Amino acid sequence: MPKKAIWDQKILAEIVTRIQNEGDDPLEYVDISYKVSENKYKAWPNLIKKEFEPARTLKTGNPTYSLTPINQEVA
């Protein structure tokens, strides 16, 4: 079975900070991405939301379907 590495985000953040403090570029070693929970975003005050709006794009999600059986009378 193939193996999948799981990286501890807190430890990685500490390492990135250490690399930056030593004057090196952490982007040479790691890929860094940011994300914001939509629930957290919705709870923010409007002033904070306004700061983040240029970085936010809404895309259409995948549709969901629900199948419901049709009741047919048997003659």
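Figured I'd write up the structure that's included with this text. Along each chain, numbering runs from 1 in the same order as the chain's sequence is written. Totals for whole chains, interfaces and linings use every residue, but because this is a predicted model, local features are given only for residues with pLDDT of at least 70 and side-chain atom pairs only at 80 or more, for both listing and counting. Hydrogens and waters are ignored; side-chain quantities use all the structure's heavy atoms.

### Examining the packing of aromatic side chains
Part 1 of the reasoning: Any pair of Phe, Tyr and Trp rings, taking the six-membered ring for Trp, is counted once the centres come within 6.5 Å. Such a pair is stacked with planes under 30 degrees apart, edge-to-face with planes over 60 apart, and tilted for the rest. With the rule as written, the count across this model stands at 2 aromatic pairs.
Part 2 of the reasoning: Between Tyr41 and Trp44, the aromatic rings sit 5.4 Å apart at their centres with planes inclined by 65 degrees, giving edge-to-face as the arrangement.
Part 3 of the reasoning: Judged by its relative accessible area of 7%, Tyr41 falls in the buried class.
Part 4 of the reasoning: Pairing Trp44 with Phe52 gives two aromatic rings, centres 4.7 Å apart and planes at 50 degrees, and the pair type is tilted.
Part 5 of the reasoning: Taken together, the ring pairs in this structure connect Tyr41, Trp44 and Phe52 into an aromatic cluster.
Part 6 of the reasoning: Residue placement shows Lys49 over the ring face of Tyr41; its charged tip is 5.6 Å from the ring centre. Per-residue accessibility, obtained with a 1.4 Å probe over protein chains only, is compared with the maximum for each type, and a residue is labelled buried under 20%, exposed over 50%, and partly exposed between these values. Only when the NZ atom of a Lys or the CZ atom of an Arg is both within 6 Å of the ring centre and within 35 degrees of the ring normal do we say a charge sits over the ring.

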